[in-house]
Amino acid sequence: MNVLNYMQSFFSDGSHWHGYDGIPQRVREHLQYTSSALAIATAVGLPIGLVTGHTGRGGNALAFVSSGARALPTFGLLVLMFVWLGLGIVPVMIPLVVLAIPPILITTYEAIRTLDPSPVDAARGMGMSEGKILFRVEVPAALPLILSGLRSATIQIVSTATIAAYVALGGVGRYILDGLYQRDFEKVAGGAALTAILALLVLALFWAVARVAVSPGVRRRRTA
């Protein structure tokens, strides 16, 4: 059987759509891990990226920290956290958050730093406070690039959250791990397909968010 046949057999099997090991339950678990890790990474990376981008200070430090975080092996960090903290959600969240912070942090910083300085200078000349300049002038103009950083982080989390299965948690990675252990290649192919589908859905979601959140004028300037 080829991979497509494995996938067809997996999704056409009614037993895979019900119960604690059913596709809806595993997808729900996977999305919970993804949304939790993304929320934490965004809460850490987005404010730091905005402030450092606005002030222009700390860029070298951000690059150093982000490069170091990207160099950490996600699975190795998971094993280390599991040995240190034991079973639970925390050993999974730590490597996923570490994976997601760099694209959010660096992209947000670059989005603010590379803006045309003319509107910012004009806003300062009008007496606007630094906070208003950041959120009323810079963030709206930089929003497409900021969203691209969030999109990259989300896709990386969705693709990597399969590691939760290695510490006895759920998610679609459960199919991949159990399938390899049982030599059930239908499960392996099904788990891989679900991961790819979720990543594509993330792309579609961020495209829709960008269409709604980014002003038409900013979109036109970026496509010009």
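All of the points below concern the structure found in this document.

Some remarks on the overall build of the chain
(1) Moving on: Secondary structure summary: the chain contains ten helices and zero strands in total.
(2) Moving on: Written out in order from the N terminus, the α and β elements of the chain read α-α-α-α-α-α-α-α-α-α.
(3) Moving on: When its C-alpha atoms are laid out on the principal axes, the chain stretches across 65 × 40 × 25 Å.
(4) Moving on: Buried positions account for 42% of the 224 residues belonging to the chain.
(5) Moving on: Residue pairs in contact within the chain that sit at least 24 positions apart in sequence constitute 74% of those at least 6 positions apart.
(6) Moving on: With the model as given, the accessible surface of the chain reaches about 11,900 Å², and the carbon-plus-sulfur share is 66%.

Examining the pattern of salt bridges
(1) Moving on: With the rule as written, the count across this model stands at five salt bridges.
(2) Moving on: The partner of Arg26 in a salt bridge is Glu29, and the shortest N-O contact between them spans 2.9 Å. One end of the pair is Arg26 and the other is Glu29, both in helix H2 (residues 23-55) and three residues apart, which spans about a single turn.
(3) Moving on: By sharing partners, the salt bridges in this structure join Asp21, Arg26, Glu29 and Lys187 into a single network.

Brief notes about a nonpolar patch on the surface
(1) Moving on: Taken together, the side chains of Phe75, Val79, Phe82, Val83, Leu87 and Tyr166 present a nonpolar region at the surface, about 590 Å² in accessible area.
(2) Moving on: Assessed through its relative accessible area of 34%, Phe82 is described here as partly exposed.

Side note on the packing of aromatic side chains
(1) Moving on: Within the structure shown, the criterion is met by four aromatic pairs.
(2) Moving on: Ring plane angle 50° and centroid distance 6.3 Å describe the contact between Tyr6 and Phe185, whose orientation is recorded as tilted. Pair noted here: Tyr6 is in helix H1 (residues 3-12) and Phe185 is in helix H9 (residues 185-213), with a separation of 179 residues, a long-range link.
(3) Moving on: The exposure class of Phe185 is partly exposed, given its relative accessible area of 37%.
(4) Moving on: Members of the aromatic cluster, each reached through a chain of ring pairs, are Phe10, Phe11, Trp17 and Tyr175.

A look at unusual backbone geometry
A negative phi angle is the norm for most residues apart from glycine, just as the trans form is the norm for most peptide bonds.
(1) Moving on: Non-glycine residue Ala168 carries a positive phi angle of around 70°.
(2) Moving on: In this structure, Ala168 sits in the loop between helix H7 (130-160) and helix H8 (173-182).
(3) Moving on: A positive phi angle, near 55°, is found at Arg183, a position not held by glycine.
(4) Moving on: Relative to the helices and strands, Arg183 is located in the loop between H8 and H9.
(5) Moving on: Since its relative accessible area comes to 64%, Arg183 is described here as exposed.

What about the nonpolar core?
Nonpolar side chains tend toward joint burial in soluble globular proteins.
(1) Moving on: Grouped together as the largest cluster of nonpolar side chains are 44 residues, with contacts concentrated most on Val92, Leu96 and Leu194.
(2) Moving on: Every element with two or more residues in this core is listed here: H2, helix H5 (90-113), H7 and H9.
(3) Moving on: Discounting residues that sit within four places of it in the chain, Leu194 has contacts with Phe10, Phe11, Ile23, Val27, Val172 and Tyr175.

Digging into the packing of H2 against H7
(1) Moving on: Two elements in contact, H2 and H7, have axes separated by 10 Å at closest approach and are oriented at 145°. As H2 packs across H7, the resulting crossing turns out to be right-handed. Contacts between H2 and H7 involve His30, Thr34, Ala37, Leu38, Thr42, Leu46, Leu50 and His54 from the first element and Glu130, Ile133, Leu134, Phe135, Glu138, Val139, Ile146, Leu150, Ala153, Thr154, Ile157 and Val158 from the second.
(2) Moving on: Looking at the contact of H2 with H7, its residues break down into 13 nonpolar, five polar and two charged.

What counts, and at which threshold
- Sequence order sets the numbering: in each chain, residues are counted from 1 along the sequence as written.
- With pLDDT at 70 or above as the cut-off, local features in this predicted model cover only qualifying residues; side-chain atom pairs require 80 or more to be listed or tallied, and sums for whole chains, interfaces and linings still use all residues.
- To obtain the side-chain values, all non-hydrogen atoms of the structure were included, while hydrogens and water were left out.
- In this description a helix means any DSSP run of H or I spanning at least four residues, a strand means any run of E spanning at least two, and both kinds are numbered starting from the N terminus.
- Exposure is judged per residue with a 1.4 Å probe applied to protein chains only, and the accessible area is read against the type maximum: over 50% gives exposed, under 20% gives buried, and values in between give partly exposed.
- In what follows, residue pairs with any heavy atoms lying within 4.5 Å of each other are defined as contacts.
- For the area figures, the Shrake-Rupley method with a 1.4 Å probe applies, and any residue is considered shielded solely by the protein chains shown.
- Salt bridges are identified by distance alone: a Lys or Arg side-chain nitrogen within 4 Å of an Asp or Glu carboxyl oxygen.
- Here the term patch refers to residues with relative accessible area over 30% and no salt bridge, with like charges joined within 9 Å and nonpolar side chains (Val, Leu, Ile, Met, Phe, Trp, Tyr) within 5 Å.
- Only centres within 6.5 Å qualify two rings of Phe, Tyr or Trp (six-membered ring in Trp) as a pair; their planes then separate them into stacked at under 30 degrees, edge-to-face at over 60, and tilted for everything else.
- We call a set of buried Ala, Val, Leu, Ile, Met, Phe, Trp, Tyr and Cys residues a nonpolar core when their side-chain atoms join them within 4.5 Å.
- Lines are fitted to the C-alpha atoms to define the axes, a helix being fitted only along its stretch in contact, and any angle between axes, read from their N-to-C directions, falls within 0 to 180 degrees.
- Each crossing is labelled by how the near helix is turned from the far one, with a counterclockwise turn of less than a right angle marking it left-handed and a clockwise turn marking it right-handed.
- Only Asp, Glu, Lys and Arg are considered charged in this grouping, and only Ala, Val, Leu, Ile, Met, Phe, Trp, Tyr, Cys and Pro are considered nonpolar; every other residue, Gly among them, is considered polar.

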